[in-house]
Amino acid sequence: MLNTAQIKCLSVFSIFAIIGFGPISPGCLIGMYIVVKRPDWFRLLIEAMYRDKARDTGFISAARTRETRIKAFASLFTLFLIDIAPVPVTPVIAFAVILSRPHWLYRVVRQVYGEVA
């Protein structure tokens, strides 16, 4: 069963799939913004999307947060370059991630925000 946060994310990435044909990938651009600025709205969205899943607790060092942010930005930038092709790749990957809610995504977001892993 999909929760409200998943439905919202699927709706947004459906729009991104439509407007993403061409040289600009809005999903990657927003992802890179999130990694750099760490807005509260994204953390709250992930909390809502994973509300019914078990979560880890623990401390993450500033060095680990920095390392994760660099790796996440590099991954999104690479995906941004791949998305220059006529077929948008990011929305397809996003659909699978949103529907399956893998634990690694929650862990990476927590590491990017420097909270818990």
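Residues numbered from 1 in each chain as written. Predicted model: local features only at pLDDT ≥ 70, side-chain atom pairs only at ≥ 80, totals over all residues. Heavy atoms only, no water.

## Focus: the overall build of the protein
As a reminder, the rule being used: Only DSSP runs of H or I with at least four residues qualify as helices, and only runs of E with at least two residues qualify as strands; both kinds are numbered from the N terminus onward. Accessibility here uses a 1.4 Å probe with only protein chains present; expressed as a share of the type maximum, an area under 20% marks a residue as buried, one over 50% as exposed, and anything in between as partly exposed. The contact rule is simple, with two residues in contact once any of their heavy atoms fall within 4.5 Å. Only the protein chains shown count as cover for residues, with accessible areas throughout obtained via the Shrake-Rupley method and a probe of 1.4 Å. In this count, Lys and Arg are taken as positive residues and Asp and Glu as negative ones, while His and the chain termini are left out. Taken as the charge location is NZ of Lys, CZ of Arg, CG of Asp or CD of Glu.
Tallying secondary structure elements over the protein gives six helices and zero strands in all. Per-residue burial for the protein yields a buried fraction of 40% across its 117 residues. Long-range contacts, defined as pairs at least 24 residues apart, comprise 82% of the intrachain contacts of the protein with a sequence gap of at least 6. As displayed, the protein has an accessible area near 6,900 Å², and 70% of this comes from carbon and sulfur atoms. If the 14 positive side-chain charges of the protein are averaged to one point and the 7 negative ones to another, these points end up 2 Å apart.

## So, the packing of helix H4 (residues 62–82) against helix H6 (residues 103–113)
Applicable threshold: Fitted lines through C-alpha atoms serve as axes, helices being fitted only where they are in contact, and the angles separating the N-to-C directions of these axes extend from 0 to 180 degrees. Should an angle fall under 35 degrees it is taken as roughly parallel, and over 145 as roughly antiparallel, whereas 65 to 115 is taken as roughly perpendicular and any remaining angle as oblique. A clockwise turn of the near helix away from the far one marks a right-handed crossing, whereas an anticlockwise turn of less than a right angle marks a left-handed crossing. Three residue categories are used. Nonpolar comprises Ala, Val, Leu, Ile, Met, Phe, Trp, Tyr, Cys and Pro, charged comprises Asp, Glu, Lys and Arg, and polar comprises the others, including Gly.
The interhelical angle for the contact between H4 and H6, taken along N-to-C directions, is 120 degrees, at an axis separation of 7 Å. The pairing of H4 with H6 is recorded here as oblique in orientation. The two elements H4 and H6 meet at a crossing, and its hand is left-handed. Residues Arg64, Thr65, Thr68, Arg69 and Ala72 of H4 form the contact with H6, whose participating residues are Val108, Gln111 and Val112. Its residues assigned to classes, the contact of H4 with H6 comprises three nonpolar, three polar and two charged.

## Thoughts on the side chain of Thr90
Within the secondary structure, Thr90 sits in helix H5 (residues 90–100). Judged by its relative accessible area of 7%, Thr90 is buried.

## What to know about the nonpolar core
The following threshold applies: In this description, a nonpolar core means a group of buried Ala, Val, Leu, Ile, Met, Phe, Trp, Tyr and Cys residues linked to one another through side-chain atoms lying within 4.5 Å.
Formed by 21 residues in total, the largest nonpolar core has its most connected members in Ile46, Met49, Ile98 and Leu105. Elements represented by at least two residues in this core include exactly helix H1 (4–19), helix H2 (26–37), helix H3 (40–49), H5 and H6. Contacts of Ile98, omitting those with residues within four sequence positions, involve Gln6, Cys9, Leu10, Phe13 and Met49.

## Brief notes about a nonpolar patch on the surface
We apply this condition: A patch consists of residues whose relative accessible area exceeds 30% and which take part in no salt bridge; residues with like charges are grouped when within 9 Å of each other, and nonpolar side chains (Val, Leu, Ile, Met, Phe, Trp, Tyr) when within 5 Å. We define a salt bridge as a contact between a side-chain nitrogen of Lys or Arg and a carboxyl oxygen of Asp or Glu at a distance within 4 Å.
Together, Val36, Phe73, Phe77, Leu81 and Ile84 give the surface a local cluster of nonpolar side chains, amounting to about 430 Å² of exposed area. The biggest single contributor to the nonpolar patch is H4, with three residues. Structurally, the position occupied by Phe77 is in helix H4.

## A short note on H4
Heads up, the rule is: The span expected for a helix works out to 1.5 Å for each residue beyond the first.
The terminal C-alpha atoms of H4, which comprises 21 residues, lie 30 Å apart, in line with the 30 Å expected from a rise of 1.5 Å per residue. The elements touched by buried residues of H4 are H2, H5 and H6.

## Quick look at the packing of aromatic side chains
What counts is decided by this rule: For Phe, Tyr and Trp, rings pair up if their centres lie within 6.5 Å, where Trp contributes its six-membered ring, and each pair is then called stacked (planes under 30 degrees apart), edge-to-face (over 60) or tilted (otherwise).
Taken as a whole and assessed by the stated rule, the structure comprises four aromatic pairs. Aromatic side chains Trp41 and Phe42 sit 5.9 Å apart centroid to centroid with 90 degrees between the ring planes, which places their arrangement in the edge-to-face category. Under the relative-accessibility criterion, Phe42 is labelled buried at 18%.

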